[in-house]
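Report on the structure
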Amino acid sequence: MSDSLVIIPTYNEKENIERIIRKVFSLSYFFEILIIDDGSPDGTAGIVKKLQLEYPALHLEQRTGKLGLGTAYIHGFKWALERPQYGYIFEMDADFSHNPDDLIRLRQACIEGADVAIGSRYVKGVNVVNWPMSRVLMSYFASMYVRIITRIDIQDATAGFKCYKRRVLEKIPMEKIRFVGYAFQIEMKFTAIKYGFKVVEVPIIFTDRTEGTSKMSTRIFREAFLGVIQMKVWSWFRKYN
């Protein structure tokens, strides 16, 4: 039993899922893993079920249909909060764009005082590998846009590699988190800061996937772009105690 749970949402990740699971379980610190699979037609969940026979600390929640990144994480957060042993709860992608070795560094940042530790691509320059320049610029300036609108001092506002202390997820009312795509990542950071939690950025190197296909789309980007303004306006009418 571990005090740390890594939540990994999946949709068609058969090329990556076994490797990422084995890598996390090979780390010097013991993390448990929760896979949230949105009915992957490529058999991702079947691979996880076979690995559960080998790894008792591997958990699987299956959902029907592609319901969105944000709802997958919220499902995972609620699952974790029902189990009091988890003091540190992580978000991580299945495609190795997030280096599992950095899980230990994110956890350590929370041990040393952070309430939320973000694996940040931009806190020390631009640390992105294998992205075309157009996507690097879009991501970098998206974070700048978020800072201008929301006034939060986060260099990598759209980052999806994070460690939360349990108390953060206990405090944030999940029913009031409105976005399901990449705007979800912005909204969670913004909300944590509005509640007064300490958010720290830990520099990482982000490497684009080499297997499988990206889930990014113009609809997701549009939601994030417009959602930042909506989120800021909504915050004027909410109390953050």
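All values derive from a computational prediction rather than experimental measurement.

1. Topic: unusual backbone geometry
Most peptide bonds adopt trans geometry, and most residues besides glycine take a negative phi value. In this structure, N12 takes a positive phi of about 55 degrees despite not being glycine. When you line up the elements, N12 lands in the loop between β1 (4-10) and α1 (17-25).

2. Here's the deal with a nonpolar patch on the surface
Taken together, the side chains of I229, V233, W236 and F237 define a hydrophobic patch exposed on the protein surface, amounting to about 460 Å² of accessible area. With respect to the helices, strands and loops of the structure, F237 is situated in the segment after α8 (218-235).

3. With respect to the pairing of strand β4 (residues 88-91)
Side chains Y88 and F90 project from β4 onto one buried face, and the interleaved I89 and E91 project onto a second face that is buried too. Sheet analysis places β1 next to β4, joined by four bridges and oriented parallel. Among the inter-strand pairings, I7 is bridged to a residue of β4, identified as E91. The pairing of β4 with strand β7 (residues 162-165) spans four bridges and is classified as antiparallel. Following the sheet pairing, I89 is matched in β7 by Y164.

4. A short note on the environment of L103
Of note, L103 is situated in helix α4 (residues 102-111). Note: C-alpha distance between L103 and K162 (59 residues apart in sequence) is 8.5 Å. Once you skip the residues sitting within four places of it in the chain, L103 turns out to touch V6, V24, L27, F31, F90, M92 and F161.

5. A short note on the packing of α1 against helix α2 (residues 44-52)
At a closest axis distance of 10 Å, the pairing of α1 and α2 adopts a crossing angle of 35 degrees. Every pair of crossing elements has a handedness; the one defined by α1 and α2 is right-handed. Facing I17, E18, I21 and R22 of α1, the residues of α2 in contact are T44, I47, V48 and L51. Across the contact of α1 with α2, the residue classes tally to five nonpolar, one polar and two charged.

What counts and what doesn't
Residue positions are counted from 1 within each chain, in the order its sequence is given. Only residues with pLDDT of at least 70 get local features here, since the model is predicted, and only at 80 or more are side-chain atom pairs given and counted; chain-wide, interface and lining totals rely on the full set of residues. The basis for the side-chain values is all heavy atoms of the structure; hydrogens and waters are excluded. A run of DSSP states H or I qualifies as a helix once it reaches four residues; a run of E qualifies as a strand once it reaches two. Both are numbered from the N-terminal end. Candidate patch residues must exceed 30% relative accessible area and have no salt bridge, after which like charges are joined if within 9 Å and Val, Leu, Ile, Met, Phe, Trp or Tyr side chains if within 5 Å. Throughout, the Shrake-Rupley method with a 1.4 Å probe supplies accessible areas, and for residues the shown protein chains are the sole cover considered. For this analysis, a salt bridge means a side-chain nitrogen from Lys or Arg found within 4 Å of a carboxyl oxygen belonging to Asp or Glu. Only protein chains enter the accessibility calculation, which uses a 1.4 Å probe; a residue is then buried when its area is under 20% of its type maximum, exposed when over 50%, and partly exposed in between. Between any two strands, pairing holds if DSSP finds at least two bridges. Any two residues whose heavy atoms approach within 4.5 Å are treated as being in contact. Inter-axis angles, ranging from 0 to 180 degrees, are taken between N-to-C directions of lines fitted to C-alpha atoms, where helices are fitted over the stretch in contact. Each helix crossing is assigned a hand: it is left-handed if the near helix lies turned anticlockwise from the far helix by less than a right angle, otherwise right-handed if that turn is clockwise. Residue polarity follows a fixed list, in which Ala, Val, Leu, Ile, Met, Phe, Trp, Tyr, Cys and Pro are nonpolar, Asp, Glu, Lys and Arg are charged, and the others, Gly among them, are polar.

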